[in-house]
Amino acid sequence: TNVIANPLAGSRGLAAYRKSWSHFNLGQMDDSIVQIKKIMTDKSLQTKSGVSEGSADLQFLEEVAKDYATFLSKRPYTEADLKELFELAPEKAKISTVTTLASETERIGRRKEAIMAWNFVLNKQSQPDGRLEILAHLAALNWAEGQIETAQQNFKSSLELWNELKGCGKKECE
């Protein structure tokens, strides 16, 4: 806390990062999220080592964004939380960060939120192979939630993408 508060101290971002993980490991989810969001929004904390002079360490921010997704997955979240995570993540890591949230939420069995997160990623993903993976996740989750028609549609869409990606000829794929 003293290092974070001192604008002349080196490694303020790393101290803030460790503080967010300390809150997380103590089960203080809200505090961990507040602390990690502070890193994402405070330019003076966006570097792991040294004193930030307005330039962010993008690799550090990508790591922080992924951990933010992990923290968020451990408590209920809304579409507004998804949008905020997406907006705060570095440009190169926006989709992969929300994908981390969707995967982690699915992994721990919070299906409804995982469906919401996967649908969010699906709307942002333009790459066919990425869309294929998302649709496969959604099909299984929808099926588990008893949303049979939606599951079947997602499965059908994933098969259509699979055929498209593999360059499958009509005779072989029918």
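In this report, we go over the structure that sits alongside the text.

A tally of helices and strands in the protein yields 10 helices and 0 strands. Listing each helix as α and each strand as β along the protein from the N terminus yields α-α-α-α-α-α-α-α-α-α. Burial analysis of the protein (174 residues in total) assigns 41% to the buried set. Sequence-distant contacts in the protein: of pairs separated by 6 or more residues, those separated by 24 or more amount to 56%. Carbon and sulfur atoms make up 51% of the accessible area of the protein, which amounts to about 9800 Å² in all.

In an α-helix, one full turn covers 3.6 residues, which means residues spaced three or four apart are oriented alike. The end-to-end C-alpha separation of helix α6 (residues 94-107) is 20 Å, in line with the 20 Å expected for 14 residues at 1.5 Å each. The set of residues buried in α6 consists of Lys94, Thr97, Val98, Thr99, Leu101, Ala102, Glu104 and Thr105. As for α6, its buried residues are in contact with α4 (58-73), α5 (79-88) and α7 (111-124).

This brings us to the environment of Ser22. Its location among the elements puts Ser22 in helix α2 (residues 12-25). Judged by relative accessible area, which is 40%, Ser22 ranks as partly exposed. Here the alpha-carbon distance between Ser22 and Ser32, two residues 10 residues apart in the chain, equals 7.6 Å.

According to the stated counting rule, one finds 7 salt bridges in the structure shown. Measuring nitrogen to oxygen at the nearest pair gives 2.3 Å for the salt bridge that ties Arg110 to Glu113. Note on accessibility: Arg110 and Glu113 belong to one class, buried. Residues joined in a network through salt bridges with shared partners are Lys74, Glu104 and Arg107.

Residue position: Ser73 is located in helix α4. Given a relative accessible area of 0%, Ser73 falls into the buried group. Within the structure, Ser73 has its side chain in polar contact with the backbone oxygen of Thr70 (distance 2.7 Å). Beyond its immediate stretch of four places on either side in the chain, Ser73 contacts Leu101, Glu104, Thr105, Ile108 and Arg110.

This part is about helix α3 (residues 29-41). Here α3 contains 13 residues, and its C-alpha end-to-end distance of 18 Å stays within 8% of the 18 Å for a straight helix at 1.5 Å per residue. Met29, Ser32, Ile33, Gln35, Ile36, Ile39 and Met40 are the residues of α3 that are buried. What you see down the axis of α3 is that its buried residues fit within an arc of 165°, all on one side. Within α3, the exposed residues directed more than 90 degrees away from the buried face are Asp30, Val34 and Thr41.

Looking now at the packing of aromatic side chains. Under the definition given, this model contains 5 aromatic pairs. Three or more aromatic residues joined by ring pairs form one cluster here, namely Trp21, Phe24 and Phe71. Positioned above the aromatic ring of Phe86, the side-chain terminus of Lys94 is 5.2 Å from the ring centre. Lys124 extends its terminal NZ or CZ atom over the ring of Phe86, reaching a point 4.8 Å from the ring centre.

About the cut-offs
Along each chain, the written sequence defines residue order, and numbers are assigned to residues from 1. In view of the model being predicted, local features appear only for residues whose pLDDT reaches at least 70, and side-chain atom pairs are presented and counted only at 80 or more, with totals across whole chains, interfaces and linings using the full set of residues. By convention in this description, side-chain values take in all heavy atoms of the structure and omit both hydrogens and water. A run of DSSP states H or I qualifies as a helix once it reaches four residues; a run of E qualifies as a strand once it reaches two. Both are numbered from the N-terminal end. Remark: exposure states derive from per-residue accessible area (1.4 Å probe, protein chains only) relative to the maximum for the residue type, with buried under 20%, exposed over 50%, and partly exposed in between. By definition in these notes, contact holds between two residues if any of their heavy atoms fall within 4.5 Å. What sets the accessible areas is the Shrake-Rupley method with a 1.4 Å probe; for residues, cover comes only from the shown protein chains. Helix span, expected: 1.5 Å multiplied by one less than the number of residues in the helix. Each salt bridge in this description consists of a side-chain nitrogen of Lys or Arg and a carboxyl oxygen of Asp or Glu lying within 4 Å of one another. Identification of polar contacts relies on pairs of N or O atoms within 3.5 Å, with a donor-acceptor requirement for protein atoms, meaning one able to donate a hydrogen and the other able to accept it, and with residues adjacent in sequence counted only if both atoms are side-chain atoms. The directions from the helix axis to the C-beta atoms are what the arc is built from. Each pair of aromatic rings taken from Phe, Tyr and Trp, with Trp reduced to its six-membered ring, is defined by centres within 6.5 Å and is described as stacked if the planes are under 30 degrees apart, edge-to-face if over 60, and tilted in the remaining cases. Either the NZ atom of lysine or the CZ atom of arginine qualifies as a charge over a ring when it sits within 6 Å of the ring centre and within 35 degrees of the ring normal.

These figures come from the coordinates and say nothing about function on their own.
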